[in-house]
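The chain contents come next:
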Amino acid sequence: MMSSDEPAAPPPLAAAQLHLAKLQRQYQQTLDRWTPHVLQRWLGTFGLLIIFMLRIVLSQGWYIVCYALAIYLLNLLLAFLQPRFDPSLQDDLVADEIEEGTGDEGPTLPSQRDDEFRPFVRRLPEWQFWLSSTRAVVVALFCTLSEVFDVPVYWPILVVYFCVLFALTMRRQIQHMLKYKYIPFDIGRKARYGGSH
């Protein structure tokens, strides 16, 4: 007979949930430790990508997995290069207001883009870009372990199609950057505050 002072064993589901919570906490702590090491994180991801490409080239298979990974990485790159608040959408909203006649309601704040400094805020931050890219490469590596994903395709067509897609997409993105005068990278001279320069 059990006394009421002895702790009851946790049900199996509760034990599994506790273990899962502990693993999630450890995973998050690891990610938090990696956050400030930008160069090392990206070098690790490129190392995984090289291992993946070697696997594809040496095994001469899984071209569809490689193509899917390339399209996904291109999508992430585009989100990384785009501003969070798209100026072309804002221009469309202003044009709609003018057409409807609701744009003239008295004095407003300055609306010219040159009136004040607005920092570039990415649609996809660098951390999320790295994390999503690394996860995608790891998933693609695991997909190459299964014959189910080794679909026979004529790979030169996939390469040509991806190159054309990349060129057209980047051309459109560069035109968008030039039209709305934004640069998604910190290049050039840094601003100095409080100095004699």
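Residues numbered from 1 in each chain as written. Predicted model: local features only at pLDDT ≥ 70, side-chain atom pairs only at ≥ 80, totals over all residues. Heavy atoms only, no water.

Peer 1: I would appreciate a short explanation of the overall build of the protein in the present structure.
Peer 2: Looking only at helices and strands, one finds 6 helices and 0 strands in the protein. The linear arrangement of helices and strands in the protein, starting from the amino end, is α-α-α-α-α-α. Counting every position in the protein, which comprises 197 residues, the buried fraction comes to 24%. Across the protein, contacts joining residues at least 24 apart in sequence account for 87% of those joining residues at least 6 apart. With an accessible surface of roughly 15500 Å², the protein has 64% of that area assigned to carbon and sulfur atoms. (Helix = DSSP H or I, 4+ residues; strand = E, 2+ residues; numbered from the N terminus. Buried < 20%, exposed > 50% of the residue type's maximum accessible area, 1.4 Å probe, protein only. Contact = heavy atoms within 4.5 Å. Areas by Shrake-Rupley, 256 points an atom, 1.4 Å probe, with all protein chains shown as cover.)

Peer 1: Looking at this structure, how should I read the packing of helix 1 (residues 12-34) against helix 5 (residues 126-143)?
Peer 2: Helix packing for two helices is described by the angle between their axes and how far apart those axes are. At a closest axis distance of 12 Å, the pairing of helix 1 and helix 5 adopts a crossing angle of 125 degrees. With respect to their mutual orientation, helix 1 and helix 5 come out oblique. Relative to helix 5, the crossing made by helix 1 is right-handed. Residues Tyr27, Leu31 and Trp34 of helix 1 form the contact with helix 5, whose own contacting residues are Trp127, Trp130, Leu131 and Arg135. A class-by-class count of the residues in the contact of helix 1 with helix 5 yields 6 nonpolar, no polar and 1 charged. (Axes fitted to C-alpha atoms, helices over the stretch in contact; angles between N-to-C directions. Parallel < 35°, antiparallel > 145°, perpendicular 65-115°, else oblique. Left-handed = near helix turned anticlockwise from the far one by under 90°. Nonpolar A, V, L, I, M, F, W, Y, C, P; charged D, E, K, R; others polar.)

Peer 1: How should I be thinking about the pattern of salt bridges in this particular structure?
Peer 2: Close approach of charged atoms allows side chains with opposite charge to pair. As enumerated under the stated definition, the model contains 1 salt bridge in all. As a salt-bridge pair, Glu126 and Arg41 come within 3.1 Å of each other at their nearest N and O atoms. With a gap of 85 residues between them, Glu126 in helix 5 and Arg41 in helix 2 (residues 38-59) connect regions that are remote in the sequence. For Glu126, a relative accessible area of 23% gives the class partly exposed. (Salt bridge = Lys/Arg side-chain N within 4 Å of Asp/Glu carboxyl O.)

Peer 1: How do you make sense of the nonpolar core when you look at a structure like this?
Peer 2: Soluble globular proteins tend to bury their nonpolar side chains together. Core analysis: the largest hydrophobic core is formed by 31 residues, its most contacted members being Phe52, Ile56, Val65, Leu69 and Phe129. Residue assignment for this core shows that the elements contributing at least two residues are helix 2, helix 3 (63-81), helix 5 and helix 6 (155-180). With 12 residues, the top contributor of residues to this core is helix 3. Look past the residues within four positions of Phe52 in its chain and what remains in contact with it is Val65, Cys66, Leu69, Val137, Ala140, Leu141 and Thr144. (Core = buried A, V, L, I, M, F, W, Y, C linked by side-chain atoms within 4.5 Å.)

Peer 1: Sorry, what's going on with the confidence of the model for the protein here?
Peer 2: Do not read the predicted coordinates in detail wherever pLDDT is low. Considering every residue of the protein, the mean pLDDT works out to 82; 73% of them sit at 70 or more. Low pLDDT (under 50) marks residues 106-110, which in the prediction has 1 contact with non-local residues, meaning those over four places away or in another chain. (pLDDT = per-residue confidence, 0-100.)

Peer 1: For this particular structure, what's the right way to read the environment of Ile71?
Peer 2: Looking at the secondary structure, you find Ile71 in helix 3. Classification of Ile71 as partly exposed rests on a relative accessible area of 27%. Through-space distance from the C-alpha of Ile71 to that of Phe166 is 8.8 Å; in sequence the pair is 95 residues apart. Setting aside residues no more than four positions away along its own chain, Ile71 makes contact with Phe162 and Leu165.

Peer 1: What's the story with the packing of helix 2 against helix 3 in this structure? I'm lost.
Peer 2: One way to put it is that helix 2 packs onto helix 3 with a least axis distance of 10 Å and a crossing angle of 150 degrees. Between helix 2 and helix 3, the angle falls in the class roughly antiparallel. Helix-helix and strand crossings are classified by hand; for helix 2 and helix 3 the assignment is left-handed. Counted together, Leu49, Phe52, Met53 and Ile56 of helix 2 and Tyr63, Val65, Cys66, Leu69 and Leu73 of helix 3 form the full contact between these two elements. When the residues that make up the contact of helix 2 with helix 3 are grouped by side-chain class, the tally is 9 nonpolar, no polar and no charged.

Peer 1: I'm lost on the environment of Ser133 in this one. Help?
Peer 2: Its location among the elements puts Ser133 in helix 5. Take Ser133: its relative accessible area is 4%, and that puts it in the buried class.

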